[in-house]
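Working through the structure, step by step
Here is how the chains run, residue by residue.
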Amino acid sequence: MDLVLAVVVGLFIALGVYLLLSRALIRMLMGMLVLGNGVNLLIFTAGRLTREVAPIVPPGLEQAPGAIANPLPQALILTAIVIGFAMFSFLLVLAYRAYQTLDCDDTDEMRLAEPADAPNPPLSY
Amino acid sequence: MNTVIFRTIAPLIVGTMLVFSVYICLRGHNEPGGGFIGGLIAASAIAVLGMSSGRDAARRALRFDPIAIAAAGVLLAASSGLLSLFTGSAFMTSIWLYLELGETTVPLSTPMFFDIGVYLVVLGAISAIGLGLETDDGEGL
Amino acid sequence: MEELVQTSAVATADWIVVLPLVLALIGAALALMLRNNGRVTFLLALLVVVAAIACEIGLALRIWQEGPVSMTMGNWLPPFGISFTADLFGASFALAASVVTLLVLFYAEADRSAADGRDGFHALVLLLLAGVTGSFLTGDLFNLYVWFEVMLIASFGLIVTGGSALQFDGAVKYGFLNFLATTLFLLALGLLYGTIGTLNMADIIGKAPSANPAVITAIAALLLLAFGMKAAAFPVNAWLPASYHTPPAAISALFAGLLTKVGVYAALRSLVVLLPATRDILEPVIALVAIASMILGPLGALGETHLRRAMGFFVIGGIGAAFAGIALATPGGIGGAGAYIFHSMLTMTALYLVSGMIERSTGQVDTRHMGGLYASSAPLSIMFLVLVLAVAGVPPLLGFWPKLLLIEAGVAQGGWLGTSLVVALVLNAVLTLIAGTRIWAHVFWRQTTGTGKVPAPRRGLLRYAAAAAIVGLAVAVGLWPDFLLAGARMGAADLADPARYIAAVGLAGSAP
């Protein structure tokens, strides 16, 4: 099962990188999303997969009876998902506003901050 | 989306979702649930309201600025961690208070206030984003 | 349930480790709630930053006397709970960050108009400060990731403050590449957790040597890439000159002073302290990155006519010098890198603030359209020249001492590595001097070609005072460098031999 998940992680990250290499903002956004999910899945796999019960202590007991799944990777993933969600929603709004104000979603055409046709610097003091 | 059926049913759905979100938030300490998922449910309720009766109605139903709600959540969560300063233990150490109310015992704790803080952060932040995206100009963030 | 947990005695005095960032976080929340009133949030932000500075001075003094201070949250035992651990470098960088923020707050107050009331500027600045302080003081790699993201979301908000098309253009590049960098960091964290099962920094120091070296090397390389991207080191630096000049001057000054330095600090800590064996394998790569950044940075500034973009290339050159310290990794080299980060936080912020003042008084952003400014603002020309000399490392200014430490360490190291780094450091100084004085000459000295004089804006004095305070600080520390040098030596000793750091965390199972 670990092997299957490792291959899936690889696929996710490859797809994310492929989409990020595109010039269109929307594809880059999708790429970030897929890449982030791949990384989350990787953390999940890194915490070792078990078929044990969920890491919840039943009422009345001080600790769980028998083996439980490792709760730490799940906490890490939850944090990462929340943060990734916040970042993604910001980037989504940003891409939308950029599309409205710059009238393009192609990063090659976004040259306002770095003008492509800037003249050479003066050659003397 | 703007059908009579949806507009009639929406307040019911919204009310149920909000009550359910509080339930999920409060049961979260020892069972599946918690502030994050509760806040998400509450924010979805606001989104449903926004779809049925428009952005302005949803904005009015929140009463406060959604960003201010999120900020209040951060404040509540941080303060709940600070309380353990007075018990001589580390930051974010939980403090429990068992209130005897007649036949039941109500456990009050700092993790619960932390969770309520998270609930408010998620509700406020996601409502702000959702309401911001529902307008044409994307204003609101 | 509580009885099962062995409570570690936590002195109330240890709270000083978390107080600066908790204060900043609470301040940010309050400022966000009160964001309709710019005056109130300004006063609140001042109060919070001054309180944070007081805490950090106390923290630094305590570390100076007793060694690193640590606190693990929620009464958990160290490898399981989230630790905040401050050593001298972390505490003094956090202090420098707060001081810089305080001065930028004053500068920004002079720049603000009545129109920008509701943008939550002060809340975002405090949130940024919380992220930066947290990154410097945390003792847990995943927590470092969280503070990185806090910093990132605050900087996202700041970089689009104002909302011009230019800013959206810069923000797209800044946003995507920095988010990608933190995702790569998270990827490395996942692999590290899967390999050694811990993310507590003190615990990693103990467990990493027994793990599979090939895996650890791959993780260290990923960390180098991620932190290099955050720091804008050479091959992955393109986002910095594309975005740092787009927001208002106060905001880009804050970014230049704080954000890239956090990346270098994280690289220093993770490569030199946490994974020292792998740093030796990656040494040629780090040296190449350092040399390329050091030389290409000032060369970029030489070919740039947009004033604040040129400053961005100086930032990159400085990052190269700090990476040179990571490549050397002797106590002298680490001390040099630490001192360089400290110097760069102060000097780069001041450089951007002064550039903002130049842009304001000429009404231009391009040095080709400036000129003859010395006649109308002599103090500005002096401040700019002092800062350029400080960045280049001319004695006796602040920038000289870190470069001296680095060159000493390089000479002591010898071999092709030490020699090439020393040559690059000297070249960096010369090129920075040429590029900086050239910009100075274009802006201040050359006959004016621009338009007529722009009317002097209101409250110019506050702006001058804020910039002059940092310049004065840079000159003063340069003239009396004993504190800086002793601090660099002591901080570097703790990084080179983390025994005191590990003892302060007090890992369960390895009790002394």
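Predicted, not measured: the structure shown is a model, and the values here were computed from it.

About the criteria used
Residues take numbers from 1 onward in each chain, read along the sequence in its written order. Think of it this way: whatever chain is written first is A, whatever ligand is written first is 1, and the rest follow in order. Per-residue local features are limited, in this predicted model, to residues with pLDDT of at least 70; the limit for side-chain atom pairs, both in listing and counting, is 80 or more; totals at the level of whole chains, interfaces and linings are taken over all residues. Remark: hydrogens and water are excluded; side-chain values derive from all non-hydrogen atoms of the structure. Each helix corresponds to a stretch of at least 4 residues labelled H or I by DSSP, and each strand to a stretch of at least 2 residues labelled E; elements are numbered beginning at the N terminus. Residue-level accessible areas treat just the shown protein chains as cover; the underlying method is Shrake-Rupley with a 1.4 Å probe. Charge assignment: positive for Lys and Arg, negative for Asp and Glu; neither His nor the chain ends contribute. One atom stands in for each charge, and that atom is NZ of Lys, CZ of Arg, CG of Asp or CD of Glu. Radius of gyration means the value over C-alpha atoms here, while the globule rule gives 2.2 Å times the residue count to the 0.38 power. When accessible area is computed with a 1.4 Å probe and restricted to protein chains, residues below 20% of their type maximum are described as buried, those above 50% as exposed, and intermediate ones as partly exposed. Between two residues, a contact is recorded if the distance between any of their heavy atoms is within 4.5 Å. We define buried area as the total accessible area lost by two parts upon association, computed with a 1.4 Å probe and summed across both. For this document, the term salt bridge refers to a Lys or Arg side-chain nitrogen within 4 Å of an Asp or Glu carboxyl oxygen. Under this definition, polar contacts are N or O atom pairs within 3.5 Å; protein pairs additionally need one hydrogen-donor-capable and one acceptor-capable atom, and for neighbouring residues in sequence, both atoms have to be side-chain atoms. At least two bridges found by DSSP between two strands are what make those strands a pair. How far a helix is expected to stretch is found by multiplying one less than its residue total by 1.5 Å. Angular values range over 0 to 180 degrees, each being the angle between N-to-C directions of two axes fitted as lines to C-alpha atoms, with helices fitted over their stretch in contact. Should an angle fall under 35 degrees it is taken as roughly parallel, and over 145 as roughly antiparallel, whereas 65 to 115 is taken as roughly perpendicular and any remaining angle as oblique. Residue classes follow a fixed rule: Ala, Val, Leu, Ile, Met, Phe, Trp, Tyr, Cys and Pro count as nonpolar, while Asp, Glu, Lys and Arg count as charged, and any other residue, Gly among them, counts as polar. Joining through side-chain atoms within 4.5 Å is the link that ties buried Ala, Val, Leu, Ile, Met, Phe, Trp, Tyr and Cys residues into a set, and such a set is a nonpolar core.

Some thoughts on the overall build of chain A
The helix and strand inventory of chain A stands at 3 helices and 0 strands. Order of helices (α) and strands (β) in chain A, N terminus to C terminus: α-α-α. The dimensions of chain A, computed from C-alpha atoms along their principal axes, are 80 × 35 × 30 Å. When the accessible area of chain A is evaluated, it comes to approximately 7,400 Å², of which 65% is carbon and sulfur surface. Across chain A, the mean location of the 6 positive side-chain charges is 5 Å away from that of the 10 negative side-chain charges.

Side note on the overall build of chain C
Counting secondary structure elements, chain C contains 19 helices and 2 strands. For a compact globule of 512 residues, the expected C-alpha radius of gyration is about 24 Å, and chain C comes in at 22 Å, within 12% of that figure. Based on the C-alpha atoms only, the size of chain C along its principal axes is roughly 75 × 55 × 40 Å. Across the 512 residues that make up chain C, the buried fraction comes to 66%. Counting only contacts in chain C whose residues sit at least 6 apart along the sequence, the fraction spanning at least 24 positions is 82%. Just so you have it, chain C exposes about 16,400 Å², and 71% of that area is on carbon and sulfur atoms. If the 24 positive side-chain charges of chain C are averaged to one point and the 23 negative ones to another, these points end up 13 Å apart.

With respect to the interface of chain C and chain A
At the junction of the two partners, chain C supplies 44 residues and chain A supplies 46 residues. When the two sides are added together, the surface that chain C and chain A hide from each other amounts to roughly 3,900 Å², 77% of it contributed by carbon and sulfur. Looking only at chain C, the three residues that lose the most surface to chain A are Phe-168, Phe-176 and Tyr-193 of chain C, adding up to 18% of its buried area. The tally of links between chain C and chain A comes to 2 salt bridges. Taking the shortest distance from any N to any O, the salt bridge between Lys-173 of chain C and Glu-114 of chain A comes out at 3.6 Å. Taken together, the connections running from chain C to chain A amount to 6 residue pairs in polar contact (both at pLDDT 80 or more). Secondary-structure elements contributing two or more residues to the side of chain C that touches chain A are helix H5 (141–159), helix H6 (165–196) and helix H16 (415–445) of chain C.

Things to note about the pairing of strand S1 (residues 96–101) of chain B
Residues and elements named next belong to chain B. In terms of burial, S1 is a largely surface element, 0 of the 6 residues being buried. Of the pairings in the sheet, the one linking S1 to strand S2 (residues 104–109) comprises 6 bridges and is antiparallel in character. Bridge assignment links Tyr-98 to a residue of S2, and that residue is Pro-107.

Quick word on helix H8 (residues 213–231) of chain C
All names here are of chain C. Taking 1.5 Å per residue, 19 residues should reach 27 Å; H8 reaches 26 Å between its end C-alpha atoms and fits that length. The backbone nitrogen of Ala-214 has a side-chain oxygen 3.1 Å away, supplied by the residue at the start of H8, namely Asn-212. One or two steps after H8, the chain reaches Ala-232, where phi turns positive at roughly 60°.

Topic: the pattern of salt bridges
Applying the stated rule across the entire model yields 17 salt bridges over all chains. Two residues, Glu-109 of chain C and Arg-39 of chain C, come together in a salt bridge whose shortest N-O distance is 3.4 Å. On the criterion of sequence distance, the pair formed by Glu-109 of chain C in helix H3 (residues 88–111) and Arg-39 of chain C in helix H2 (residues 38–66) is long-range, its members being 70 residues apart. Of the residues examined, Glu-109 of chain C reaches a relative accessible area of 7% and is grouped as buried. Residue classification places Arg-39 of chain C among the partly exposed residues on the basis of a relative accessible area of 48%. In this structure, a network of salt bridges that share partners links the residues Glu-114 of chain A together with Asp-169, Lys-173, Glu-304 and Arg-309 of chain C.

A closer look at unusual backbone geometry
Geometrically, the link from Pro-395 of chain C to Pro-396 of chain C is a cis peptide bond, its omega value of 5° lying close to zero. Tracing the backbone through its elements, the reader meets Pro-396 of chain C in the loop between helix H14 (378–392) and helix H15 (400–413). With a phi angle near 60°, Asp-103 of chain A is a residue other than glycine that sits in the positive phi range. Mapped onto the fold, Asp-103 of chain A is located in the segment after helix H3 (71–102). By relative accessible area, which is 62% here, Asp-103 of chain A ends up exposed. Of note in the backbone geometry, Ala-329 of chain C takes a positive phi value of approximately 60° without being a glycine.

Focus: the packing of helix H2 (residues 35–53) of chain B against helix H3 (residues 55–62) of chain B
Residues and elements named next belong to chain B. Across the interface, H2 lies against H3 with an axial gap of 6 Å and an inter-helix angle of 140°. Viewed along their axes, H2 and H3 adopt a mutual orientation that is oblique. On the side of H2, the interface is formed by Ile-46, Leu-49, Gly-50 and Ser-53, while H3 contributes Arg-55, Ala-57, Ala-58, Ala-61 and Leu-62. In terms of residue class, the contact of H2 with H3 is built from 6 nonpolar, 2 polar and 1 charged.

Overview of the pairing of strand S1 (residues 69–72) of chain C
Residues and elements named next belong to chain C. Residues of S1 alternate between two faces, with Val-69 and Met-71 on one and Ser-70 and Thr-72 on the opposite face, all of them buried. As judged from the 4 bridges shared by S1 and strand S2 (residues 83–86), these two strands associate in the antiparallel manner. Each bridged residue has a counterpart across the sheet, and for Met-71 the counterpart in S2 is Phe-84.

Quick notes on the nonpolar core
Grouped together as the largest cluster of nonpolar side chains are 231 residues, with contacts concentrated most on Leu-141, Phe-185, Phe-323, Ile-358 and Phe-384 of chain C. Those residues within four positions of Leu-141 of chain C in sequence are excluded, and the remaining contacts are Phe-185, Leu-189, Leu-192, Leu-199, Met-201, Ile-204 and Leu-274 of chain C. With 16 residues, the next largest nonpolar core counts Val-14, Cys-25, Leu-62 and Leu-131 of chain B among its residues.

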